[in-house]
Structures are given as C-alpha cells and as structure tokens.
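Read off the chains here:
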Amino acid sequence: MALETLSPDWEFDRLDDGSQKIHAEVQLKNYGKFLEEYASQLKRIEDALDDSVGDVWDFSLDPIALKLLPYEQSSLLELIKTENKVLNKVITVYAALCCEIKKLKYEAETKFYNGLLFYGEGATDSSMVEGDCQIQMGRFVSFLQELSCFVTRCYEVVVNVVHQLAVLYTSNKNAPKIIETSGVHFQTMYEHLGELLTVLITLDEIIDNHATLKDHWTMYKRLLKSVHHNPSKFGIQEDKLKPFEKLLLKLECQLLDGMIFQACIEQQFDSMNGGVSVSKNSTFAEEFAHTIRTIFANVEAKLGEPSEIDQRDKYVGICGLFVLHFQIFRTIDKKFYKSLLDICKKVPAVTLTANIIWFADDFLIQKIPAAAKLLDKKSIHTVKMQRENFLQQKAQSLPKDMQSYYVFVSSWMTKMESILSKEQRMDKFAEDLSNRCNVFIQGFLYAYSLSTIIKTTMNLYMSMQKPMTKTSVKALCRLVELLKAIEHMFYRRSMVVADSVTHITQHLQYQALHSISVAKKRVISDKKYSEQRLDVLSALVLAENTLNGPSTKQRRLIVSLALSVGTQMKTFKDEELLPLQLVLKKLDLISELVERVRAQCDCCFLYWHRAVFPIYLDDVYENAVDSARLHYMFSALRDCVPAMMHARHLESYEVLLECYDKEIVEVLNEHLLDKLCKEIEKDLRLSVHTHLKLDDRNPFRVGMKDLAHFFFLNPIRFFNRFIDIKAYVTHYLDKTFYNLTTVALHDWATYSEMRNLATQRYGLSMTEAHLPSQTLEQGLDVLEIMRNIHVFVSRYLYNLNNQIFIERTSNNKHLNTINIRHIANSIRTHGTGIMNTTVNFTYQFLRKKFYIFSQFMYDEHIKSRLIKDIRFFREVKDQNDHKYPFERADKFNRGIRKLGMTPDGQSYLDQFRQLISQIGNAMGYVRMIRSGGLHCCSSAISAWKRKG
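Residues numbered from 1 in each chain as written. Predicted model: local features only at pLDDT ≥ 70, side-chain atom pairs only at ≥ 80, totals over all residues. Heavy atoms only, no water.

The name that an unreviewed UniProt entry assigns to the protein chain is WASH complex subunit 4 isoform X5, with the source organism given as Apteryx mantelli.

Here it is in structure tokens:
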C-alpha cells in the first residue's frame, strides 16, 4: 500500500543511458547462440539415430559394431548330401577335420598365444617383491595344463588327418579303393594340416623366446623342493605333492623343452594293430610330396608381390609339412629343400604372431640336419648375410616406401569414398559390384603389405638387436597410421560395405555356379559310365548345392573339397578353371572381408615395441599440423587390450590393463601434453610482455610452431575414457593462472589479458578466477605484533587521523596495512583476554624507549646546546614574531652532526627522531587495541539486539 501512495517525485530518474538496451541485446545474442548450438546438437543426435545406409560411423564413438560373418546353422551332414554315399563320407570326414583344425587354430591364436606372450607383463622389476615370481607361476600352472591338453588334441588331429589321407591314397593293391584318386588332390586338407603344424611351431617359438617364463619356472621348481622338505609348514599333504611333481615334470617335457612340434612329427603314425600303414605307403608319399610342391609353386609365385595375401603363413606350413614328410617317409627331395631355402633370400623372416619372428633356414637346418650337411657353409652364411642386407636396405628405403604408400592409400581412400557415394544404377549393377569388389580387395592388399613391412622390420630389429634410427621409427609409425586409416575407412563406411558385400558374394556365387553348371553339362553329355565319372558328377552337384546358400566358412570349405574331386578328368577347360579358382578366392576374401581387414590391421604387436612411442610423440609435437594422426596411433595402441584379457599370471587381467594404461598416459603427458602446456604458457607470457626487451620472436627469422592444431582435435579414445588435449591444456592454464594470481593479486590484469589471448589465439575456453584485484583485509595478527613489537614500530608508520598503520617499505609490489578491523578480527579469534597482555607488553616496551629518551635529553652535549638555544629564543622571540630562525636550527643540526655519525650516515638527532616515531607508534598501537575491543563489543551488542 505504501508504494501506491508514493509521490511521482520520488520515482527513479527515467533518463535512459542505453545500458539496459545493450544488456538486453547481449542476452538476446547469447540466447540465440544457445538455440543454434542446441539445434545442431539435436541434429547430431538425429543423424546418429538415423537408419540411413550412407551414414558415416565414428570409430571411437560407436558402441555397436556390425558383424558380417554369416553363421552356418546346418550341420556338415545336412550340407553334404548327394546320391554318392561313399563320396559323402569322404567329404564329410575331411570337412570335419578341417573345421576341427580351424577351431584349434582360433583357440591357439586367441587364448594360448596371448596367455604365453603376456606372461610376466604388468609387473616391473622394481615393484616385484620376493616370492612374486613363484606366485605368478603358481597361478599359471593351470593354464599350462590346459595348453598341454590342447597340444595333445593337436597331436591326435594330425595323426587322424594323416591316417585319413593314407587310407584314401593306399598303395596296397589288395585293399579296396574307396574312391578313384588318380587325378584327385585334396590340397585343402594339406593346407589345413600345414596351419595346424604352424600353430605347434608358433608355440615352440613363443616359449623358446620367453626367458621370463623359463626363469620363473626354475624358481617355482626350487620352491617345490623347499615344500617337499617341510610340507606341513606350507599346509600341504605329502601324498598330493608327488603327483603334482609328476605333472610339472610332464608339462616341462612336453611344453618347455621346445619339443612341441618335434614330438608331433615323431609320433607313431603306423597303426600298431596293422590297421593303417603310413610310412611304407608309396602312393601316399608321392601324393604328399606332389601336393607340397603344388602348394609351394602357388606360394612362391605370389611371395613379395603386391597381390600377396596369406602366402607367408602358408610358407611356414609348407616347411612344417616338408619336415613331417621327411620324418614319416625318410626321403628327401634335395632340389625342393634348396628351393625352400632360396625363399629366405626373398623373405628373410616371417612373423608368426606379435613379436615372434621365425627364420625358415634355422628351422629347416635344425629339423633336417641330414639335408643340411649336403649344403655348403657358404650358402648357409649367404642366407644369414642376406637377412642383414635386407634390414640395411629396408632402413634406407623406408622413408621412400612410406611416401609411396601414403599416395597409394590416400588415392584408394578417395576412390573408395567416390565409389561408395555413387548411387547404384540397375543397368550397370554388375559392373558396379565388380568395381566395388576390386576396391575392397585392393584395400585389403594394401593393409596386408603395410602390416608385413611393419611387423617384419620391427621384429627383425628386435631379434637381431640392431638399433633403429629415428627416421626409421618415424617412417614405421607413419605406416602404422596408414594401416589404421585403412581399417577406419572400412569401419566408417560399414553400412555401405555390409550392403555391398552381400551383393558381391551373391554375384561371385552366380559366376561360380555358372562355371560349374557348364562343366556339369559337359559331364552329363558324355554317355560313358564309370565310377570316376560318377564321383565327378556327384562332386559338381554337391558344389552347386552348397553354393546355393549363404557364403559361410563351412560351405566354402565343402565347395573346395568337392572341386578337388570334380576337377579331375579335365572336366573344366584351362580357360574355365583359372577364372573359377579366381572367383572362389575372391569369394573367400569378400565373405570374410571385415574379419580379414581387422586381423591385418591389428597392431597388437606394438605392445612389444612401445619404446618407439616417445619418439613418435616428439615428432607429432614438432609437426603439429599433422596432429590428427594421433587418433590412428592410439587406435593401434588400443588393439592389444583384447589380447591382454587372456593373461593368467596375475590376480586379474585388469592389473595388466591398468599398468599399460598408466604407462602410456605417463609417456603422453611427458612427451606431448606437458610440453604443450609449457609452450602455450610461455607463448602467452611473451606475447603479453612484448614491452620488455625479449629475444627475437619474428616468425620469418626464428620460425614458429602453430600449436593451435592440437586444440581442433576431437577427444582421443583410450581404454574407457577420452583424452581431451584442449581440456587438459585449459585446465593447466586455469590452475596456473589462478594459483599465481592468489600469490600476487596485483598481477590480475596480466593474467586476465593472458586468458583473453588464449581464447583468441588458441580457442581455449578459460575460466575467470573471480579473485579481487587487491585486498585490505590482509593484516598481521595481534599476537604476532606483540611478539615482535620492536620490529613492528620500526617498520610501520602510524596515521593518527585514519587510525591505520602502513608499512614503511616492502620488497613486493604492495604494502601491508593494519586498521581497527584487523585488530578486532584478531581479538575475536583469540578472545578479549589478549587485550590486557598486549597493552602491558607494549607499556613495558614504552618504558624502555622512554628511558632512552630521558638519557638522550640529559646528555651534557645535548642539554647544553638546548639551554643555549632556548635562552637565545627567549631573547629574540618578540623580534622574530615568536618564530625560531632556520639558520639557528641548521646550525644546531650541524653541531649535532659533529658529535658523531652512525655507519649508515645517521646523526644522533636522526636517531632521536626515529625513537619518538617508535614511541608514537607504540602508543598508537595501544589506542588501536582499545578501539578494536570496543569494535568487538559494539558488533556483539548489535548482533544480540537483532536476535532479540
């Protein structure tokens, strides 16, 4: 009601100075900006949830992955159905064995390789205490037992495969023939057998190169001896100890002595009860040798070529098969043996897995020493020299290779984007599918070549213990980035690739079916009947039926086995067979495209070469323009995480992951983030202090790095978090500026300017410190003043009018002040009891000062001069208007100076003047103590009244 009765005269002045309008415009602008950002955010969410096929996927953000590998729901018995029952059984047995080998290989690659490789990792020598080695091995024994069971199973499968092949290719004329095998070569079976032998060779190589595993095993055995002497001390029953020792002995003999492969090939392949004869089966021996040579001919032609896909892995298998053939039949083809060794000139080493490298010459010489004696030492030495020459040549050619692949991969990515972005036309659908197929395969071939170069070079350097130059390291890291760029390219276009792969596989199946159909018609048209012709026809029908369905691994395997039978008797012409084989190879590759690309682009091996990471980060820092490549490197470093999950020597694999995460982040901070923070801070400081005389900062003369590129990077995904470089640097600058401003408040303007400059130059969103630009609240405590009263009265000056003490001089840029409020705060803190103590202490100090004052005044030199001057003043005061003449005062001062001077140039009069000032300060301090007490009392009464 009171407001309504107010007179208009009392209203505020309505004069508009424009400030409200400006404020409203700013708020409106901010609101508009908020709406724009919100709209763009909604658009991004909408795009992310959109089901459009052409959308791009972000490798680091998508929680959902697309799996293209088709899953076969039918069993082999359901897939292999023809009228020819005998052929059905043969193909079923071989297909089942091949599937078993693939499962064993997958289990070895995912579980056993990684479990062995990562043993001993995650614990540094400094962090390990006595007994940790034995504890780790204790946890690992169960894993070794599983590995033993796995190896035993592999032995059984190898024997079974050899028996099944030996029965089919029997030289016993009395035994009935299962099928006619004169023109039949089950090359697929031998390739699979080679893969299984490669697994055993790899296990041997991993254990042979694992010094930590062997050392821990020795320590564990010693521990067991100690336990054996006093089992009760360790709470173990003695009757359980002996079986455990036998188990350990068995594990050592089977796994740790490097005899896994050797024990496999030295098995008894001939059945003891006269069932299957292998070693004396000449037909099987010839077929075995012929198939190995055929596979080798295919592999040799592709090795080192741009179209190489998996020939190096097959080469290891061929060497394993060759040694197996020698072990069973005790015959050796010297010419073929030399051909195998000659490959070492082209391929000096093969990476089996991670950092495990394999030398074919060492393997063949060790496993077949009889053949090695036939070779001259010079040729063996030449192979070893070739390895060193290869490494030297590769070190020189790496930068050039990197540049070439950079162009190749960039042009491929452009082509991929172009082809996948184009709308498919129905009139040119087949041509478009063919183009897409070729682009996909080309991408995979680039990935394989890059992976081979990186792994072979890095592992050779490590194996031969040769130092790597920084140039080589940088080039190899660039190749790693290109490798991950290919993987990211396939992932980014996952939806289009998935759509295309389905159509391409159907198109390739159609082409294969057409070729088989032509051959089948040719067989049917020939009216001559024979069991061999019936087998061929049944095999072609089986291949046709199997191809009419999804392109699963099992179906493609059955087609391959069926065509081994179906291609005999010149069913296909030469100009028909080669295109069919090419189509089937493409079908294999396209059907498993995503999985194969992922396998080739897997950079798990980088864990063993992470010493190059600091050099890489230094290079990234020096070349900030290419900072976006960090995403690729961190993606590569992330690849070893799934493998680490199979570690069994720690309490949990999480310990290993945490250790790796910590190590990488520490290196990143040291070699990039901290350097970046310091450089940005230095640049901001020098830019703000340009008025000072600084070093030359002209970019045309001294050069300049544009570090702003780091702040345009998207956050980098690593493990379960994102590393945001921009946020990291912003936080560092905010923290530094805030802390330094609190220390020196007068520098607030400088740091505010540096904040603005950081926003303008680097786009950093800095936080305002919200600290006062100056403060009067910082005062000395009453007790502190009391304890050092002599120092206080000499260093502070007293302003009687304003009741304030001001510091005389200071080394800093600010002066301390003390007023009644500070005194009152101290009294509140310590209580009113300190008032009497402080006053009494000050009076004691004053008593000493007054004594000095009295002594000075009664000194004969001073007293006589003062009496003389006062007598003179009384005589001439009427004449000088009661004023003391300046000349007389100056004469008095000079007279005092003649009495003596202190080392710092002060006279007795100067010292007396200081004494009076100190007495005045002390009395002023007593006065302020009393005023402070009154201030406390009045504040307390006011507060009590408000509550009342």
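So much for the structure itself; the text now carries on.
## Thoughts on the side chain of E544
Rule in force here: For the purposes of this entry, the term helix denotes a DSSP run of H or I that reaches at least four residues, the term strand denotes a run of E that reaches at least two, and both are numbered from the N terminus. Whether two residues touch is decided by their heavy atoms; if any such pair falls within 4.5 Å, the residues are in contact.
Within the element layout of this structure, E544 appears in helix α18 (residues 531–547). Ignoring anything within four residues of it in the chain, the contact list for E544 reads L513, I516, S517 and K520.

## Some remarks on the side chain of Q600
Structurally, the position occupied by Q600 is in helix α21 (residues 593–600). Q600 has contacts with F444, A447, Y448, S451 and L483, leaving out every residue within four places of it along the chain.

## Considerations on the sheet that holds strand β7 (residues 817–819)
Stated precisely, the cut-off is as follows: Here, any two strands with at least 2 DSSP bridges between them count as paired. In this description, a line fitted to the C-alpha atoms serves as the axis of each element, helices being fitted only across the stretch in contact, and the angle between N-to-C directions of two axes falls anywhere from 0 to 180 degrees.
Here we have three strands laid out as an open sheet, ordered β5-β6-β7, and antiparallel in their pairing. In this open sheet, the two strands that pair with only one neighbour each are β5 (796–799) and β7. Neighbour-to-neighbour, the strand axes of this sheet turn through a mean angle of 20°, independent of strand direction.

## Looking at the packing of helix α16 (residues 470–492) against helix α22 (residues 613–622)
So the rule is basically this: Oblique is the label for every angle not falling under 35 degrees (roughly parallel), over 145 degrees (roughly antiparallel), or within 65 to 115 degrees (roughly perpendicular). Each residue receives one of three labels: charged for Asp, Glu, Lys and Arg, nonpolar for Ala, Val, Leu, Ile, Met, Phe, Trp, Tyr, Cys and Pro, and polar for the others, Gly being one of them.
The geometry of α16 relative to α22 is characterised by a closest axis approach of 10 Å and an angle of 85° between their N-to-C directions. Between α16 and α22, the interaxial angle falls into the category roughly perpendicular. Mapping the contact onto sequence places K470, V473, K474, C477 and E481 in α16 and I615, Y616 and D619 in α22. Per-class residue counts for the contact of α16 with α22 are four nonpolar, no polar and four charged.

## Comments concerning helix α34 (residues 886–898)
What sets the pattern is the α-helix's 3.6 residues per turn: residues three or four places apart point alike. The criterion, for reference: Multiply 1.5 Å by the residue count of a helix minus one, and that product is the helix's expected span. With a 1.4 Å probe rolled over the protein chains alone, any residue whose accessible area is under 20% of its type maximum counts as buried; one over 50% counts as exposed, and the rest are partly exposed. Within this analysis, the arc is defined by the directions that extend from the helix axis to the C-beta atoms.
Between the first and last C-alpha of α34 there are 19 Å, a value that for 13 residues agrees with the 18 Å anticipated at 1.5 Å per step. Turning to α34, its buried residues are R888, F892, G895 and I896. Here the buried residues of α34 occupy an arc of 100° about the axis, which is enough to place them on one side. Opposite its buried face, α34 presents the exposed residues F886, E887 and K898, each directed more than 90 degrees away. G900, located one to two residues past α34, shows a positive phi value of around 145°.

## Quick word on the pairing of strand β6 (residues 804–807)
The pairing of β5 with β6 spans four bridges and is classified as antiparallel. Note that in β6 the partner of Y798 across the bridge is F805. Count of turn residues in the β5/β6 antiparallel hairpin: four residues, of which Q803 carries a positive phi of about 55°. The sheet contact formed by β6 and β7 spans three bridges and is antiparallel. Residue I804 lies in a different strand from β7, and its bridge partner there is N819.

## Let's talk about the packing of aromatic side chains
Put simply, the test is: In this scheme Phe, Tyr and Trp rings, the latter by its six-membered ring, pair at centre separations within 6.5 Å, and the angle between planes marks the pair as stacked below 30 degrees, edge-to-face above 60, and tilted otherwise.
Across all of its chains, the model carries 39 aromatic pairs by this definition. The interplanar angle of 80° and the centroid separation of 4.9 Å between the aromatic rings of Y94 and F186 together place this pair among those described as edge-to-face. Of the two residues, Y94 sits in helix α3 (residues 85–117) while F186 sits in the loop between α4 (132–168) and α5 (187–208), which places them 92 residues apart along the sequence. Among the residues examined, F186 registers a relative accessible area of 0% and is labelled buried. Ring plane angle 80° and centroid distance 5.4 Å describe the contact between F634 and F718, whose orientation is recorded as edge-to-face. Here the residue F634 occupies a position in helix α23 (residues 630–638), and F718 occupies one in strand β3 (residues 716–718), the gap between them amounting to 84 residues. Assigned by exposure class, F634 and F718 land together as buried. Taken together through their ring pairs, the aromatic side chains of F118, Y607, W608, F613, Y616, F634, Y660, F718 and F719 make up a single cluster.

## Side note on the environment of G120
Structurally, the position occupied by G120 is in the loop between α3 and α4. Excluding residues within four positions of it along the chain, G120 makes contact with Q136, T212 and H649.

## Looking at the nonpolar core
Put simply, the rule reads: We call a set of buried Ala, Val, Leu, Ile, Met, Phe, Trp, Tyr and Cys residues a nonpolar core when their side-chain atoms join them within 4.5 Å.
Counting 231 residues, the largest nonpolar core has F186, Y315, L630 and I725 as the members making the most contacts within it. Take this core: its biggest share by element is 18 residues, from α4. Beyond its immediate chain neighbours, meaning those up to four positions away, F186 contacts V90, I91, Y94, L168, Y169, E287, L561, S564 and V565. Of all hydrophobic cores here, the second largest spans 33 residues; its members include I785, F892, F912 and L915.

## Some details on the pattern of salt bridges
Stated precisely, the cut-off is as follows: Only one rule defines a salt bridge in this text: a Lys or Arg side-chain nitrogen within 4 Å of an Asp or Glu carboxyl oxygen.
Per the counting criterion, the structure on display carries 42 salt bridges. In this structure, D342 and K338 form a salt bridge, with 3.9 Å as the shortest nitrogen-oxygen distance. In this pair, D342 and K338 are both assigned in helix α11 (residues 334–346), four residues apart and thus about one turn of the helix distant. You can call D342 partly exposed: its relative accessible area is 33%. In this structure, R787 engages E784 in a salt bridge whose closest nitrogen and oxygen atoms are separated by 3.8 Å. Taken together, the positions of R787 and E784, both in helix α29 (residues 782–787) and three residues apart, correspond to about one turn of that helix. Here the salt bridges do not stand alone but share partners, grouping D361, D362, K384 and R387 into one network.

## Structural notes on the packing of α4 against α5
Let me state the cut-off plainly: The crossing is said to be left-handed when, going from far helix to near helix, the turn is anticlockwise and less than a right angle, and right-handed when the turn is clockwise.
With their axes 11 Å apart at the nearest point, α4 and α5 run at an angle of 155° to one another. Judged by the angle between their axes, α4 and α5 are roughly antiparallel. The crossing of α4 and α5 is left-handed. The segment α4 lies against α5, with L147, F150, V151, C154, Y155, V157, V158, V161, V162 and L165 engaging M189, Y190, L193, L196, L197, V199, L200 and L203. Among the residues making up the contact of α4 with α5, the classes are represented as 18 nonpolar, no polar and no charged.

## Some thoughts on the confidence of the model for the protein chain
Heads up, the rule is: Residue-level confidence of the predictor, termed pLDDT, takes values from 0 up to 100.
Residue-level pLDDT values for the protein chain average 87, and 93% of them are 70 or greater. Low pLDDT, under 50, characterises residues 1–13; the predicted model gives this stretch zero contacts beyond four residues in sequence or across chains.

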